[in-house]
Amino acid sequence: MLHPNATARIDEEAIRALPKAEVHVHLEGTFSLLDLLTLAKENGVPLPGPAATLFDISSHDAFDAPEVTTGGGAGAGSAGLSGFLRFLDWQCGLVRTPAQAARVAYAFAARQSASGIRYSDVIVNPTHWNTWRGRELELLDALAAGLDEADQDGLCRVGMAYSLLRSQSPTEAEDAVAALVAASPRRVVALSVDGDEKVTGRTGEKFQGAFAAAAAAGLHRTVHAGESSGPEGVWDAIDLLQAERIDHGVRSIEDPALIERLIADGITLGVCPRSNVTLGIYPSWAEHPLPRLLDAGVAVTLNTDDPAPLGSTLEADWAVAAQQFGFGHAELVGFAGRSIDASFADPDTKAGLRAELAAHAEAVPA
Ligand SMILES: [Zn+2]
């Protein structure tokens, strides 16, 4: 349904031209079909089905990863989630050498640049990368090498958010954070937790120690909540995990006191409408609470979550939001500004991007 205020659809080229950041995107959700086919050939791994339908979410139940993890990764909440997570495990299992890891990280930066994204936080959940079990720090180092090369080539700058899996034990989580803090791997800027809260129930308490250790060591905190959980998941993220950002958080709209808290604490929501609609959190874009969250005064960013398997790009998702909700140029400049503010980029990078955005907004009047 078109928003009554919708005018001409803002074209994707204008959206790409906006200097901006992306803050809720999973590296596991950005492998291109070419990346997958190349990795499968290099490793001599047969495809689980026809190459042309690898990204068909309805086909993912056919995936049979040798070591299947539970929960984790991307969005959550539909019958297709377990198949989707097996698909992520299968594809990440194809990344076996440091050179291959560096290549997928470099490809991510290039993909972000193609959307006009100048800085990105990317969520990396090592539990999906099953050939690196016990060597998570080596994986991070290989990914950082690819991100360094991308940076040198003038592509999107990237910081990594190391993600715990919601089904991990408190000890596993605390050990992972202790290793992270001791090694202080370059380009890791934050601790994250993702996975399906419908399966695990409330997990704020069990990760309290891990997030406190991360905060004490100066790592930022971003937490998946308010997607497969209701407002209580967002309260736990704020009160127990010291979250600075919430990934999704859309169900905060159900609790006026929580909305007030998000505004008072300056906590940004990393909203991903296409992911929510595809995975069945909301039946359609028209019923998505994005405009209501904005109207309530919550700082909202607009992100892709898992763009490759969702078959999308950031500019396509912004264009659909503009069409559905009647956003014009000024609103999109607002989304770009909030994406920069909410990012975990260093202060100089943020200041530079804010100045570029201001110059762009002036040159292209609404
Ligand atoms: Zn996500």
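These numbers come from a predicted model, not from an experiment. (Residues numbered from 1 in each chain as written. Predicted model: local features only at pLDDT ≥ 70, side-chain atom pairs only at ≥ 80, totals over all residues. Heavy atoms only, no water.)

Asker: Outline the coordination of the zinc ion, listing residues and values.
Answerer: Around the zinc ion, the protein contributes the donor atoms His-24 (NE2), His-26 (NE2), His-224 (NE2) and Asp-305 (OD), which lie 2.1 to 2.2 Å from the metal centre. Coordination at the zinc ion is irregular, judged from the four donor atoms that bind it and the angles of 82 to 174 degrees they form at the metal. Every donor residue of the zinc ion comes from the same chain, spaced as H-x1-H-x197-H-x80-D. Of this pair, His-26 sits in the loop between strand E1 (20-22) and helix H2 (33-43) while Asp-305 sits in the loop between strand E8 (300-302) and helix H13 (307-310); the two residues are 279 residues apart in sequence, bridging distant segments of the chain. The same class applies to His-26 and to Asp-305, which are both buried. (Donors = N, O, S within 2.8 Å, 3.2 Å for Na, K, Ca; no water. Tetrahedral: all angles 85-135°; square planar, octahedral: opposite > 155°, others 65-115°. Helix = DSSP H or I, 4+ residues; strand = E, 2+ residues; numbered from the N terminus. Buried < 20%, exposed > 50% of the residue type's maximum accessible area, 1.4 Å probe, protein only.)

Asker: Please give an account of the pairing of strand E3 (residues 157-165) that cites residues and values.
Answerer: For E3, the tally of buried residues reaches eight of nine residues, placing the bulk of the element in the interior. In the sheet, E3 pairs with strand E4 (residues 188-194) via six bridges, with the strands oriented parallel. In the sheet register, Ala-161 faces E4, and the bridge partner there is Ala-190. (Pairing = 2+ DSSP bridges.)

Asker: Which residues make up the environment of Gln-168, and what values go with them?
Answerer: Assignment of secondary structure puts Gln-168 in the loop between E3 and helix H6 (170-183). For Gln-168, a relative accessible area of 15% gives the class buried. C-alpha of Gln-168 to C-alpha of Ala-179: the two residues are 11 residues apart in sequence and 15 Å apart in space. Other than its neighbours up to four places away in sequence, Gln-168 contacts Thr-127, Lys-206 and Phe-207. Of the polar contacts made by the side chain of Gln-168, one reaches the backbone nitrogen of Leu-165; its length is 2.8 Å. (Contact = heavy atoms within 4.5 Å. Polar contact = N/O pair within 3.5 Å; in protein donor to acceptor, adjacent residues only side chain to side chain.)

Asker: I'd like to hear about the packing of aromatic side chains, residue by residue, with values.
Answerer: Applying the stated rule across the entire model yields six aromatic pairs. Here the aromatic rings of Trp-285 and Phe-325 are separated by 6.5 Å at their centres, their planes lie at 40 degrees, and the arrangement is tilted. With Trp-285 in the loop between helix H11 (273-278) and helix H12 (290-296) and Phe-325 in helix H14 (residues 314-325), this pair connects stretches of sequence that are 40 residues apart. Of the two residues, Trp-285 and Phe-325, both sit in the buried class. (Phe/Tyr/Trp six-rings, centres within 6.5 Å; stacked < 30°, edge-to-face > 60°.)

Asker: So what's going on with the environment of Pro-273? Which residues, and what values?
Answerer: Within the element layout of this structure, Pro-273 appears in helix H11. Assessed through its relative accessible area of 0%, Pro-273 is described here as buried. If sequence neighbours within four positions are ignored, Pro-273 has contacts with Trp-285, His-288, Leu-290, Leu-302 and Asn-303.

Asker: Summarise the environment of Ala-237; cite the residues concerned and give the values.
Answerer: For Ala-237, the location among the structural elements is in helix H9 (residues 231-239). Looking at Ala-237, the relative accessible area reads 1%, which means it is buried. Placed 15 residues apart in sequence, Ala-237 and Thr-222 show a C-alpha to C-alpha distance of 8.5 Å. Leave out the neighbours within four places in its chain, and Ala-237 touches Val-223, Ala-225, Gln-242, Ala-243 and Ile-246.

Asker: Tell me what's going on with the pattern of salt bridges, and back it up with residues and numbers.
Answerer: Taken as a whole, this structure holds 18 salt bridges when the rule is applied. A salt bridge links Arg-135 to Glu-138; the nearest nitrogen and oxygen atoms lie 3.4 Å apart. The closest approach of N and O atoms between Asp-317 and Arg-274, which form a salt bridge, is 2.5 Å. Of this pair, Asp-317 sits in helix H14 while Arg-274 sits in helix H11; the two residues are 43 residues apart in sequence, bridging distant segments of the chain. Judged on exposure class, the residue Asp-317 and its partner Arg-274 are both buried. (Salt bridge = Lys/Arg side-chain N within 4 Å of Asp/Glu carboxyl O.)

Asker: I'd love a proper account of the nonpolar core, names of residues and values included.
Answerer: Among the nonpolar cores identified, the biggest contains 100 residues, and Trp-129, Leu-143 and Leu-164 are the most heavily contacted of them. If we ignore the near neighbours within four places in the chain, the residues touching Leu-164 are Asn-125, Ala-173, Ala-176, Leu-191, Ser-192, Val-193, Asp-194, Phe-207, Ala-210 and Phe-211. (Core = buried A, V, L, I, M, F, W, Y, C linked by side-chain atoms within 4.5 Å.)

Asker: Which residues make up helix H4 (residues 98-114), and what values do they have?
Answerer: Between its first and last C-alpha, H4 extends 24 Å over 17 residues, near the 24 Å set by a 1.5 Å rise per residue. Among all positions in H4, only Gln-100, Ala-101, Ala-102, Val-104, Ala-105, Phe-108, Ala-109 and Gln-112 are buried. Against the buried residues of H4 lie E1, H2, strand E2 (117-124), helix H5 (136-152) and E3. Directly after H4, the chain includes Gly-116, whose backbone phi takes a positive value near 75 degrees. (Expected span 1.5 Å × (residues − 1).)

Asker: Pulling in residues and values, what's your account of the sheet that holds E3?
Answerer: Here we have eight strands laid out as an open sheet, ordered E1-E2-E3-E4-E5-E6-E7-E8, and parallel in their pairing. Each of the sheet's edge strands pairs with one partner strand only, and the pair in question is E1 and E8. For this sheet the average axis-to-axis angle between neighbouring strands, irrespective of direction, equals 25 degrees. Note: E4 against strand E5 (residues 220-225), four bridges, orientation parallel. Bridged to Val-193 within E5 is Val-223. (Axes fitted to C-alpha atoms, helices over the stretch in contact; angles between N-to-C directions.)

Asker: Provide a residue-level description of the state of the cysteines, including the pertinent values.
Answerer: Counting across every chain of the model gives zero disulfides. Residue Cys-92 stays outside any disulfide, its sulfur separated by 17 Å from that of Cys-272, the closest cysteine. You can call Cys-92 buried: its relative accessible area is 0%. Between Cys-272, a cysteine without a disulfide, and Cys-156, which holds the nearest cysteine sulfur, the sulfur-to-sulfur distance is 16 Å. Note on Cys-272: relative accessible area 0%, which makes it buried. (Disulfide = S-S within 2.5 Å.)

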